[in-house]
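One letter stands for each residue in the lines below.
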Amino acid sequence: MTEFIQATAFGLLIGGVYALFASGLTLIFGVMKVINIAHGALLILGAFLTFTLWEQLGLDPLAAIVITTPLMFVLGWAMYSTVVRPLRGAPLSSTVLLTFGLALVLEAVMGLVWGNQSRSARPSYFDQSFDIAGIVLPKAQVFACAVAVLVLTLLYLFLARTWTGRAIRAASANTEGAALVGVNIAGVSALTFAVGVATVGAAGSMVSVLYPFLPGSHYIWIARVLSIIVLGGLGSLQGAAVGALILGLAEVYTQTYVSAAWATAVPYVLIFLVLFLRPQGLMGTRLREDVAV
C-alpha cells in the first residue's frame, strides 16, 4: 500500500507540471484552431534559458520564471506576428507543417547556441526530500508542482476575472459570435498565442530541474502534450488538467509496476485508446459539421 501511495503522490506532482505545459497548447487551439507542433521545442528553449540563468547568475531555476515567462511572451507575440498570422484561416494541415518547421528551426538554433550535450539545472535542494509518514516527496517535484499550480491559478483568474480573459474565452467558444459582439479576433489571437508560449516558458523552467534535456528532447515532450490534450479534449483547459494528471499517474504506475522502459510508450498508447474509444476526449464535445454542396 505504501508503494501505491508513493507512486500516486509522485504521479500527481508530475501531472501538475504537465498541466501547465499542456495549458498553453490547448488555449492556442481553442482560439486559433492551431496545433502548435513547436510547443515542445519552446519548452526546451525555456529550459535552456533557465539553465543559463542558473549557471551564469546562480538564479534559482524555479524563480527564473519571472524572467523566462516575459521573454517567452515577447517571443510568442513575435512568432505570431511574423510567421503564424499569415496562415490564419488556413487548413489545419498547413499550420501543423508550419509549426513543425518552426520546431526544427528552434532545435537547430538551440544546438548552435548551447550545443547538443545533455543539460540539467541542479539547485541545492535537488537531492533533498520531504518524509511524511514514510512517503518520500522530492523537494524539486514538490516545489515545481506548487509553482505550476500557482501559475495555473493566475491563468485561470486572468481568463475568468478580466475583460481580456473573457474575450479569449468567448473567441474560444464561438469565434464568429465573439466577432459579432465586437471582440477583436486578430488581437485576441496574438495575445492568446503569446500567453500560450509564456506558459510553456514557465513550464520549461520546471523541466530544467526535473529532467535532463537537449535540443532534440522536444520530440518526446510534444508526444506527451498531444496525448494530454487529445485525452482531455482539444481546447478544454479543464480537460488538459485532467489529462495531465492521468498521464502523470499512468507513467509512474508503469515505471513502478511494469518497467521504466515502457513508460515512454504511455503517451502513444493513450492517444490510440482515446482516438479509438472517444475521439472528442474526456471533456471535449462532438461537433456536427454539415457541408452544403
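Please refer to the structure placed before this passage.
Conventions and cut-offs
- Residues numbered from 1 in each chain as written.
- Predicted model: local features only at pLDDT ≥ 70, side-chain atom pairs only at ≥ 80, totals over all residues.
- Heavy atoms only, no water.
- Helix = DSSP H or I, 4+ residues; strand = E, 2+ residues; numbered from the N terminus.
- Rg over C-alpha atoms; globule rule 2.2 N^0.38 Å.
- Buried < 20%, exposed > 50% of the residue type's maximum accessible area, 1.4 Å probe, protein only.
- Contact = heavy atoms within 4.5 Å.
- Areas by Shrake-Rupley, 256 points an atom, 1.4 Å probe, with all protein chains shown as cover.
- Lys, Arg positive; Asp, Glu negative; His and termini not counted.
- Charge placed at Lys NZ, Arg CZ, Asp CG, Glu CD.
- Core = buried A, V, L, I, M, F, W, Y, C linked by side-chain atoms within 4.5 Å.
- Phe/Tyr/Trp six-rings, centres within 6.5 Å; stacked < 30°, edge-to-face > 60°.
- 1 Å grid on protein atoms, 1.4 Å probe; cavity = no way out; pocket = protein on both sides within 12 Å on 5 of 7 lines; lining within 4 Å.
- Points joined across faces, edges and corners; volume = space filled by probe spheres on them.
- Pairing = 2+ DSSP bridges.
- Salt bridge = Lys/Arg side-chain N within 4 Å of Asp/Glu carboxyl O.
- Axes fitted to C-alpha atoms, helices over the stretch in contact; angles between N-to-C directions.
- Parallel < 35°, antiparallel > 145°, perpendicular 65-115°, else oblique.
- Nonpolar A, V, L, I, M, F, W, Y, C, P; charged D, E, K, R; others polar.

Caption draft 1: Quick peek at the overall build of the protein chain. Within the protein chain one finds 11 helices and two strands. Going residue by residue from the N terminus, the α and β elements of the protein chain occur as α-α-α-α-β-β-α-α-α-α-α-α-α. What you see for the protein chain is a C-alpha radius of gyration of 19 Å, in line with the 19 Å of a compact globule of 293 residues. By its C-alpha atoms, the protein chain is 65 × 45 × 35 Å across when sized along the principal axes. Burial statistics for the protein chain: of 293 residues in total, 49% are counted as buried. Relative to all contacts within the protein chain whose residues are 6 or more apart in sequence, the contacts with residues 24 or more apart total 77%. Total accessible area on the protein chain stands at roughly 14000 Å², and carbon and sulfur atoms take up 68% of it. Looking at charge distribution, the protein chain has the averaged site of its 13 positive side-chain charges lying 11 Å from that of its 10 negative ones.

Caption draft 2: Quick look at the nonpolar core. Among the nonpolar cores identified, the biggest contains 78 residues, and M32, F193 and M206 are the most heavily contacted of them. The element contributing the most residues to this core is helix 8 (residues 185-210), with 14 residues. For M206, the contacting residues outside a window of four places in its chain are V17, L20, L62, A144, V147 and A148.

Caption draft 3: The arrangement of the packing of aromatic side chains in detail. Applying the stated criterion across every chain yields a total of 13 aromatic pairs. Both rings, one in Y18 and one in W221, keep their centres 6.0 Å apart while their planes meet at 80°; by these two values the pair is edge-to-face. One end of the pair, Y18, is in helix 1 (residues 2-32); the other, W221, is in helix 9 (residues 218-232), and 203 residues separate them in sequence. Judged on exposure class, the residue Y18 and its partner W221 are both buried. On the numbers, 6.1 Å between centres and 45° between planes, the contact of F73 with W77 is tilted. You can see F73 and its partner W77 sitting in helix 3 (residues 65-84), four residues apart, about one turn around the helix.

Caption draft 4: Broad picture of the layout of surface pockets. Estimated volume of the second largest pocket: approximately 310 Å³. Around the second largest pocket sit 19 residues that line it, and Y18, Y211, W221, R224 and Q255 are the ones nearest its centre. For the lining of the second largest pocket, the elements supplying multiple residues, two or more each, are helix 1, helix 9 and helix 10 (237-257).

Caption draft 5: Geometry of the environment of G216. Counting through the fold element by element, G216 comes out in the loop between helix 8 and helix 9. Sequence separation of G216 and M1 is 215 residues, and the distance between their C-alpha atoms is 38 Å.

Caption draft 6: Molecular detail of the pairing of strand 1 (residues 129-132). As paired strands, strand 1 and strand 2 (residues 135-138) are joined by four bridges and run antiparallel to one another. The residue bridging I132 from the neighbouring strand is I135, located in strand 2.

Caption draft 7: Structural detail: the pattern of salt bridges. Taken as a whole and assessed by the stated rule, the structure comprises one salt bridge. Among the salt bridges present, the one from R224 reaches E251, with a minimum N-O distance of 3.0 Å. Note that R224 is positioned in helix 9 and E251 in helix 10, a separation of 27 residues in sequence. In this structure R224 comes out as buried when scored by relative accessible area, which is 12%.

Caption draft 8: Layout of the packing of helix 6 (residues 163-173) against helix 8. Direction vectors running N to C along helix 6 and helix 8 enclose 100°, while the axes themselves pass 10 Å from each other. With respect to each other, helix 6 and helix 8 are oriented roughly perpendicular. Between helix 6, through T164, A167, I168 and A171, and helix 8, the contact on the second element is made entirely by I185, V188, L191 and T192. For the contact of helix 6 with helix 8, the residue count by class is six nonpolar, two polar and no charged.

Caption draft 9: Representation of the packing of helix 1 against helix 9 in the model. Running from N to C, helix 1 and helix 9 cross one another at 75°; their axes reach a closest spacing of 9 Å. As summarised for this structure, helix 1 and helix 9 are arranged roughly perpendicular, according to the angle between their axes. Across the interface between the two elements, Y18, F21, A22, L25 and T26 of helix 1 pack against W221, R224, V225, L226, I228 and I229 of helix 9. Split by residue class, the contact of helix 1 with helix 9 holds nine nonpolar, one polar and one charged.

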